[in-house]
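Analysis of the macromolecular model
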Amino acid sequence: MILYNLICHKGHAFESWFPSSTAYDKQAKRGLVSCPSCGSAKVEKAIMAPRLARKDKSTSRSVAPVEEAAPTAPSPVAMLSPQEQEFRTKLKELRDHLTANADNVGKKFPEEARKMHYGEIEHRSIYGEATAQDAKALHEEGIEFHPLPGLPDERN
């Protein structure tokens, strides 16, 4: 399985899992990959940073070695202008504001979003996790939500 950071032609960023890079390419070519925010099928891979295992010098436990990944198709890359760097900074500020002022409901996000949408609980700002299938189902039910803006070089 591979997790891709994706972006639609309207600039909505989101993530999605695929069995392989070939599976993504085939689904994208057939228009099966769409933005959960606007439904656009004009989707591209966004810049992604690899997650590398490393040995932390502050602990004595060892980290499993990273297996060499199969070669993949080139990913789009960019050098940012000062204006784009400012936009990137604003995205980080937005993400920080949202996570500081909303309740993290984790994997219960789809359930909590539905309860609020259908008036079972009081509306409040939340964030959490949703699978691509959950996001699609929420979108089909007319439940408005937005992916948290993520930046490729953020350390989680």
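Procedures and definitions
- Residues numbered from 1 in each chain as written.
- Predicted model: local features only at pLDDT ≥ 70, side-chain atom pairs only at ≥ 80, totals over all residues.
- Heavy atoms only, no water.
- Helix = DSSP H or I, 4+ residues; strand = E, 2+ residues; numbered from the N terminus.
- Contact = heavy atoms within 4.5 Å.
- pLDDT = per-residue confidence, 0-100.
- Pairing = 2+ DSSP bridges.
- Phe/Tyr/Trp six-rings, centres within 6.5 Å; stacked < 30°, edge-to-face > 60°.
- Buried < 20%, exposed > 50% of the residue type's maximum accessible area, 1.4 Å probe, protein only.
- Arc of directions from axis to C-beta.

1. Some remarks on the side chain of glutamate 112
- Mapped onto the elements, glutamate 112 comes out in helix H3 (residues 109-117).
- Other than its neighbours up to four places away in sequence, glutamate 112 contacts Val105, Ile121, Arg124 and Ile126.

2. Observations concerning the confidence of the model for the protein chain
- Residues at a pLDDT of 70 or more form 77% of the protein chain, whose mean pLDDT is 80.
- Summarising per-element confidence for the protein chain, the mean pLDDT is lowest in helix H2 (residues 82-100) (85) and highest in H3 (95).

3. Notes on the pairing of strand S1 (residues 2-8)
- Direction of pairing for S1 relative to strand S2 (residues 13-18): antiparallel, over a ladder of six bridges. Bridge pairing links leucine 6 to phenylalanine 14 in S2.
- Where S1 folds back on S2, the antiparallel hairpin that results is connected by four residues, among which glycine 11 adopts a positive phi of roughly 95°.
- Relative to strand S3 (residues 43-45), S1 runs antiparallel, the two being bridged by three bridges. What sits directly across from cysteine 8, in S3, is valine 43.

4. Some thoughts on the packing of aromatic side chains
- As enumerated under the stated definition, the model contains four aromatic pairs in all.
- Seen from their ring centres, tyrosine 4 and phenylalanine 18 are 6.0 Å apart, and the 50° between their planes marks the pair as tilted. Of this pair, tyrosine 4 sits in strand S1 while phenylalanine 18 sits in strand S2, and the two are 14 residues apart along the sequence.
- Aromatic pair phenylalanine 18 and tyrosine 24: ring centres 5.1 Å apart, planes at 80°, arrangement edge-to-face. Comparing phenylalanine 18 with tyrosine 24 shows no difference in burial state: the two are buried.
- What links up through ring pairs into an aromatic cluster is the set Tyr4, Phe18 and Tyr24.

5. Notes on helix H1 (residues 21-29)
- The complete set of buried residues in H1 reads Ser21, Ala23 and Tyr24. Relative to the axis of H1, the buried residues are bounded by an arc of 155° and lie together on one face. Of the residues in H1, the exposed ones pointing more than 90 degrees away from the buried face are Lys26 and Lys29.
- Structurally, H1 contributes buried residues whose contacts are with S1, S2 and S3.
- Where H1 terminates, the next one or two residues include glycine 31, which has phi positive at roughly 80°.

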